[in-house]
Amino acid sequence: MGFIVWLILTSLSLFIFYSLIKSAINNSKQTETLNNIKDILIDIRENQKNRVVVEESAIEMGVGNEEEAITVEECPGCQQTVASNATNCPTCGLRLRD
Ligand SMILES: [Zn+2]
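Residues numbered from 1 in each chain as written. Predicted model: local features only at pLDDT ≥ 70, side-chain atom pairs only at ≥ 80, totals over all residues.

Caption draft 1: Fine view of the overall build of the protein chain. Counting its secondary structure elements, the protein chain contains one helix and two strands. Taking all 98 residues of the protein chain together, the buried fraction comes to 2%. The long-range fraction of contacts in the protein chain, counting pairs at least 24 apart against all pairs at least 6 apart in sequence, stands at 0%. (Helix = DSSP H or I, 4+ residues; strand = E, 2+ residues; numbered from the N terminus. Buried ≥ 20, exposed ≤ 12 C-beta atoms within 10 Å, placed from the backbone. Contact = placed C-beta atoms within 7 Å.)

Here is the structure:
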């Protein structure tokens, strides 16, 4: 009788042990999968961030080119450089164009 109880308890504990290991393996696999997904998401986010940075710098470069495209001229009153689209000289206030 005692042997049967011992056998049942041993089988039960072995089963529990087996289930624990199995779930642990499943968990680690799930964790691995989750980590992979997380890495992929981080990669995507980093790429987007980089792309945004590239786009922003491109915009900045575009703005810079635009600013360069705005020609400057010399004010006839004070000889300071004035944007050619400025109506008045910002330094001396001379009216440059109508
Ligand atoms: Zn001026």
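Caption draft 2: Expanded view of unusual backbone geometry. Of note, the phi angle at Q79 is positive, near 65°, even though the residue is not glycine. Since 11 C-beta atoms lie within 10 Å of it, Q79 is described here as exposed.

Caption draft 3: Spatial organisation of the confidence of the model for the protein chain. The share of residues in the protein chain with pLDDT of 70 or more is 88%, and the mean pLDDT across the chain is 83. No element of the protein chain has a lower mean pLDDT than helix α1 (residues 2-69), which averages 81, and none a higher one than strand β2 (residues 81-83), which averages 91. (pLDDT = per-residue confidence, 0-100.)

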